[in-house]
Amino acid sequence: MSATPALTADERATRRERVVAALAAVIDPEIRRPITELDMVGDVDVAADGAVRVTIKLTIVGCPASDRIERDVRDAALGALGTFAARVPAADEPSSPVAVDLTVMSPAERAALTEKLRGGRANRTNPFGPGTLTQVIAISSGKGGVGKSTLTANLAVALAALGRRVGLIDADVHGYSIPGILGMLDADGIAPRPTRVDDLILPPVAHGVKVVSIGMFVPPSADGTPAAVSWRGPMLHRTLSQFITEVYFGDLDVLIVDLPPGTGDVAISFGQLLPNAEVVVVTTPQRAAADVAERSAVVARQTGQRVIGVIENMAGFTAPDGTVIDIFGAGGGAEVATRLSVGQDAPVPVLGSIPLSPALRAAADAGEPVVLADPDDPAARVIREIAERLASRPRDLAGRKLDLSPR
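Quantities reported herein were computed from a predicted structural model and do not represent experimental measurements.

What counts, and at which threshold
Residues numbered from 1 in each chain as written. Predicted model: local features only at pLDDT ≥ 70, side-chain atom pairs only at ≥ 80, totals over all residues. Heavy atoms only, no water. Salt bridge = Lys/Arg side-chain N within 4 Å of Asp/Glu carboxyl O. Helix = DSSP H or I, 4+ residues; strand = E, 2+ residues; numbered from the N terminus. Buried < 20%, exposed > 50% of the residue type's maximum accessible area, 1.4 Å probe, protein only. Axes fitted to C-alpha atoms, helices over the stretch in contact; angles between N-to-C directions. Left-handed = near helix turned anticlockwise from the far one by under 90°. Contact = heavy atoms within 4.5 Å. Nonpolar A, V, L, I, M, F, W, Y, C, P; charged D, E, K, R; others polar.

On to the pattern of salt bridges. Tallying each qualifying case throughout the model produces 15 salt bridges. When the shortest N-O distance is used, the salt bridge between arginine 74 and glutamate 70 registers 3.5 Å. Of this pair, arginine 74 and glutamate 70 both sit in helix α2 (residues 66-81), four residues apart, which is roughly one turn of the helix. Judged by its relative accessible area of 22%, glutamate 70 is partly exposed.

So this is what it looks like as structure tokens:
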């Protein structure tokens, strides 16, 4: 077999350009931006025989996304080389014409990256305060047990499926459950730990949603059970503030916050930190629940937040014979919406009434959002309709500073 002729300098340069261009399509799975934009691509060398060696600079030692990044880089480079004539490897060399070397950014390179990600903002500033273009939606309830967290997780996934860039804060510190509902726990029931790049926290991604929860930071108990968090007001406020200011969500269309039930410390802190947030109240059909649900909305309004709708969960269950059984009563959602509409410029709507669904419960227990696991389930269809309503709401940009500068 005749030897493959050596490439000329121009041919090597052309192949290098093709490979570098292909690497621009490789997205960092945690930061969700191209690795070329993040200055993660080091040397790209093309040998005389056409073999390519790419050096990738990871953000930290032990980066949890290293395997995926290496695979995506190799695939992108192979795709670029596929535009050229097939090359026959020599008998004593690996069959793949692409090698990927993984290194780690220097402290100076990492500092430059964090500065780029902040976009000129000072350290530990609130990117979602008044003036933000991100729609901040808090999901609240007067009491626990109404399915608020399950609904929140499914809404976030449904919005991401609509093409929205979505972040999710599990602010229910004492009763955190979002990582489990989204299937983020490992075989031992432990949530993934976020990656820290200097003073920035990179949230794990599940089903296209960037997620942060206290469950990702507290170690499990000695017997392997989830750790209990028993903190008072100052610690709760500090935790919520860190979630907002230190977690790098990037440019989001929607930030959803799963608030704890009731009107305690977290609800008050959230109102102080994000007074521009819009609030959705979750209740059950039981009319007695209307009084309790209304209280969470009252606290939100006292901090300047606006209630944009009510969701009625656990509505009538449809039996196999078609009979609708109102296990938890009827009319609670409409009752809450009517009460919250008093004194408003516009009435507060019922965004949707979600039927009691065994599939919704089973999917949450299995860590599979029902909007993906069983999209034809009646509850899943209503949740998607609610997501579409929230996504199509017109944004009020009056008084907001746009990120524009004269040229």
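From this point, the narrative continues.
Below, the discussion takes up the packing of helix α8 (residues 288-302) against helix α9 (residues 332-341). If you want to describe how two helices pack, look at the angle between their axes and the distance between the axes. It is at 9 Å that the axes of α8 and α9 come closest, and there the two elements cross at 35 degrees. Where α8 crosses over α9, the two elements pack in a sense that is right-handed. Here Ala290, Asp291, Ala293, Glu294, Ala297 and Arg301 of α8 lie close against α9, whose contacting residues are Gly332, Glu335, Val336, Arg339 and Leu340. Taken together, the residues of the contact of α8 with α9 sort by class into five nonpolar, one polar and five charged.

This brings us to the environment of arginine 196. Mapped onto the secondary structure, arginine 196 falls in strand β6 (residues 195-197). Excluding its chain neighbours within four sequence positions, the residues that come into contact with arginine 196 are Ile60, Ile201 and Glu246.

Right, let's talk about unusual backbone geometry for a bit. The phi dihedral of arginine 32 falls on the positive side, at around 65 degrees, and the residue is not glycine. Mapped onto the secondary structure, arginine 32 falls in the loop between α1 (9-23) and β1 (41-46). A positive phi angle, close to 65 degrees, is found at methionine 314, a residue other than glycine. As for its position among the elements, methionine 314 is in strand β12 (residues 306-315). Residue methionine 314 is classed as buried on the basis of its relative accessible area of 17%.

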